[in-house]
Amino acid sequence: MNPNRRRLLATSLASAAAAAAGVPSSAANAATPKKTAAAAAAGAVLAPTPPMGWNSWNSFGPTITEAQALENADIMVAKLLPSGYNVFTVDIQWYEPNANSYTYRKDAELTMDQYGRLQPAPNRFPSAAGGAGFKKLADQIHKRGMKFGIHLMRGIPRQAVQKNTPILGTNLHAQDIADTKAICEWNGDMYGVDMTKPGAQEYYNSVFKQYAEWGVDFVKMDDMSRPYERNWPEVEAAHKAIAASGRPIILSLSPGEMDLRWDRHVPHYAQMWRISDDFWDEWRLLEEQFQRLENWNPVLGPGSWPDADMLPLGRLALGARDTKFTPDEQQTLMTLWGIARSPLIMGGDLRHLDAKTLALLTNPEVLAVNQRSRENRPQRADAGTRIWSARSADQHDLQYLALFNTSNAPVDFAFDLSRLNLGNRAVAVRDLWARHDLGTARGKINAAVPPHGSVLYGLKA
């Protein structure tokens, strides 16, 4: 099917589903904007290509310290930044002084200011002492040539509600805006914010205004999609607050699995959004991402990136182990994220970055597919296989073909090149992973692919 026609069909179906489900018409019929007021003024699209970077979650959970962050930042500058990985993100509970595992401590005392806004715990982030927040750490990341990101839970701290802290710039207080029934099922730090209440938008404005003052470039906002139909007003509130802050901040929503009926809402308010729950290094979870990426493919584009989650590669889980993915599965992961144009956010501890993982992350020909391709789409595939294709955005005669074996036995592919409108012409074939020319093919591509493996070809007619 023509990709433009497919996109229009998906939009019509989504709008109809949204209307049937009671999605606000203004949300369901929103155009796909992708600019904050600040970015629009500069004529820029936020996240014109899938963001690339590093996030502390897979390796440090909620425990990362400033010293560990800077260690990883220095390695990132030396080894990943040259390939385009430029977003450095401190994940959850940077405000919890005593976080020590992936388990969140019940009723933990959180660090916050007099206006109920979370602050970095100074015992973990010494540069935050004296109310400096993340400004000094952000400055350090910016001096290294990177963007600085942080994690944010949806809502307002329960601690702020208990203390009934004032909302900056108003005569209202935390208890005036808190929705104490909108509780995260897996983290007890926050209550939701009732966006129908006076002072609710002002609270979010105050949070993002402070982030702008700190120099934050990227916010991973969590607990947004369980369920999205309850939380969408807070998504819009974050978008409005970013626009009001005057700083172009990329908004990343987490976690999924988001309902597809919102596919005309979420791209209007965020630049990337998770399409699954937390993704870890298990083949079952990787196999499940194929269908999700196929489902979200129609809304893929500049400033609109369905996010299959971080790359759990290298050293993980507070240093307890290395990735459980086999080498073939690691290549499949990078191939799928590449051709489906998911954001590429490395999750492993960079202090233990090995040569094979580095090569996997930095292959320039594979990264070009992720960053500079178009018309990315799944092809028809048989049971146990998946096929994607795309075109180069730089070379009009270059196409990409990814063949995936999701079964537990070897598969011999015989891909009919007429499906890419290449007919019986001689086609030059290049193995992008090996960075090696394979000669020419005519009529079909043959490939022997191992279980859970993949190949990624560049094809020139």
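Conventions used here
Residues numbered from 1 in each chain as written. Predicted model: local features only at pLDDT ≥ 70, side-chain atom pairs only at ≥ 80, totals over all residues. Heavy atoms only, no water. UniProt positions renumbered as here; feature names shortened; annotations may be inferred. Phe/Tyr/Trp six-rings, centres within 6.5 Å; stacked < 30°, edge-to-face > 60°. Helix = DSSP H or I, 4+ residues; strand = E, 2+ residues; numbered from the N terminus. Buried < 20%, exposed > 50% of the residue type's maximum accessible area, 1.4 Å probe, protein only. Pairing = 2+ DSSP bridges. Contact = heavy atoms within 4.5 Å. Polar contact = N/O pair within 3.5 Å; in protein donor to acceptor, adjacent residues only side chain to side chain. Expected span 1.5 Å × (residues − 1). pLDDT = per-residue confidence, 0-100. Salt bridge = Lys/Arg side-chain N within 4 Å of Asp/Glu carboxyl O.

- Named according to an unreviewed UniProt entry, the chain is Alpha-galactosidase originating from Telluria antibiotica.
- Under the UniProt heading Catalytic activity (unreviewed entry), the entry covering the chain gives this text: "Hydrolysis of terminal, non-reducing alpha-D-galactose residues in alpha-D-galactosides, including galactose oligosaccharides, galactomannans and galactolipids."
- Of the chain, the UniProt comment under Sequence similarities (unreviewed entry) reads exactly: "Belongs to the glycosyl hydrolase 27 family."

1. Some words on the packing of aromatic side chains
Part 1 of the reasoning: For the structure on display, the rule yields 20 aromatic pairs.
Part 2 of the reasoning: Centroid distance tyrosine 102 to tryptophan 280: 6.0 Å. Interplanar angle 75°. Geometry classified as edge-to-face. In this pair, tyrosine 102 is assigned in the loop between strand E2 (87–90) and helix H6 (135–143) and tryptophan 280 in the loop between strand E9 (272–274) and helix H12 (283–296), connecting sequence segments 178 residues apart.
Part 3 of the reasoning: The class of tyrosine 102 is partly exposed, set by a relative accessible area of 25%.
Part 4 of the reasoning: The class of tryptophan 280 is buried, set by a relative accessible area of 17%.

2. With respect to the sheet that holds strand E6 (residues 190–193)
Part 1 of the reasoning: What the three strands build is an open sheet, ordered E4-E6-E5; its pairing is antiparallel. The strands lining the two open edges of the sheet, one partner per strand, are strand E4 (156–157) and strand E5 (178–183).
Part 2 of the reasoning: As paired elements, E4 and E6 share two bridges and run antiparallel to each other. Pairing of isoleucine 156 across the sheet is with tyrosine 191, part of E6.

3. Examining the environment of glutamate 66
Part 1 of the reasoning: Mapped onto the secondary structure, glutamate 66 falls in helix H5 (residues 66–79).
Part 2 of the reasoning: By relative accessible area, glutamate 66 is classed as buried at 9%.
Part 3 of the reasoning: C-alpha separation for the pair glutamate 66 and proline 126, spaced 60 residues apart in sequence, amounts to 7.2 Å.
Part 4 of the reasoning: Sequence-distant contacts of glutamate 66, defined by excluding residues within four places in its chain, comprise Arg124, Phe125, Pro126, Ser127 and Leu137.

4. Here we look at the UniProt feature "domain: Alpha galactosidase C-terminal" (unreviewed entry) in the chain
Part 1 of the reasoning: In the numbering used here, UniProt assigns the feature "domain: Alpha galactosidase C-terminal" (unreviewed entry) to residues 384–457.
Part 2 of the reasoning: End C-alpha atoms of residues 384–457 are separated by 20 Å, and the span's content is 0% helix alongside 61% strand.

5. Details of the environment of arginine 321
Part 1 of the reasoning: Inspection of the secondary structure puts arginine 321 in strand E12 (residues 321–322).
Part 2 of the reasoning: It is 17 Å that separates the C-alpha atoms of arginine 321 and isoleucine 64, two residues lying 257 residues apart in sequence.
Part 3 of the reasoning: When residues no more than four places from it in sequence are discounted, the contact partners of arginine 321 are Trp280, Asp281, Gly314, Arg315 and Leu316.
Part 4 of the reasoning: A polar side-chain atom of arginine 321 sits 2.4 Å from a polar atom in the side chain of aspartate 281.

6. So, helix H10 (residues 228–245)
Part 1 of the reasoning: The first and last C-alpha atoms of H10 sit 24 Å apart over 18 residues, in line with the 26 Å expected at 1.5 Å per residue.
Part 2 of the reasoning: Listed as buried for H10 are Tyr228, Asn231, Trp232, Glu234, Val235, Glu236, Ala237, Ala238, His239, Ala241, Ile242 and Ser245.
Part 3 of the reasoning: Directly after H10, the chain includes glycine 246, whose backbone phi takes a positive value near 80°.

7. Section: the confidence of the model for the chain
Part 1 of the reasoning: Per-chain confidence: the chain averages 92 in pLDDT, with 91% of residues scoring 70 or above.
Part 2 of the reasoning: Taking the mean pLDDT of every element in the chain, the minimum, 37, falls on helix H1 (residues 3–21) and the maximum, 99, on helix H13 (residues 327–339).
Part 3 of the reasoning: Below pLDDT 50 for its whole length, residues 1–42 participates in 65 contacts with residues either more than four positions away or in separate chains.

8. So, H13
Residues lying three or four places apart along an α-helix face the same way, a consequence of the helix completing one turn every 3.6 residues.
Part 1 of the reasoning: In a regular helix each residue adds 1.5 Å, so 13 residues correspond to 18 Å; H13 covers 18 Å between its end C-alpha atoms and thus fits that length.
Part 2 of the reasoning: With respect to burial, H13 is a largely interior element, ten of its 13 residues being buried.
Part 3 of the reasoning: Of all the residues in H13, the buried ones are Glu329, Gln330, Thr332, Leu333, Met334, Thr335, Leu336, Trp337, Gly338 and Ile339.
Part 4 of the reasoning: One or two steps after H13, the chain reaches arginine 341, where phi turns positive at roughly 60°.

9. So, unusual backbone geometry
Part 1 of the reasoning: Backbone torsion omega between arginine 226 and proline 227 reads -5°, so that peptide bond is classified as cis.
Part 2 of the reasoning: With respect to the element layout, proline 227 can be found in the loop between strand E7 (218–222) and H10.
Part 3 of the reasoning: A cis amide bond links serine 254 to the next residue, proline 255, at an omega of -20°.
Part 4 of the reasoning: As for its placement among the helices and strands, proline 255 is situated in the loop between strand E8 (250–253) and helix H11 (266–269).
Part 5 of the reasoning: In this model, alanine 317 sits at a positive phi of 55°, which is unusual for a non-glycine residue.
Part 6 of the reasoning: For alanine 317, the location among the structural elements is in the loop between strand E11 (315–316) and E12.
Part 7 of the reasoning: Taking the relative accessible area as the measure of exposure, alanine 317 reaches 18% and is therefore buried.

10. Examining the pattern of salt bridges
Part 1 of the reasoning: All told, the structure shown has 34 salt bridges when counted by the stated rule.
Part 2 of the reasoning: Note that aspartate 223 and arginine 154 form a salt bridge whose closest N and O atoms lie 2.7 Å from each other. Linking aspartate 223 in the loop between E7 and H10 with arginine 154 in the loop between strand E3 (147–153) and E4, this pair joins segments that are 69 residues apart in sequence. A single burial state applies to aspartate 223 and to arginine 154, both of which are buried.

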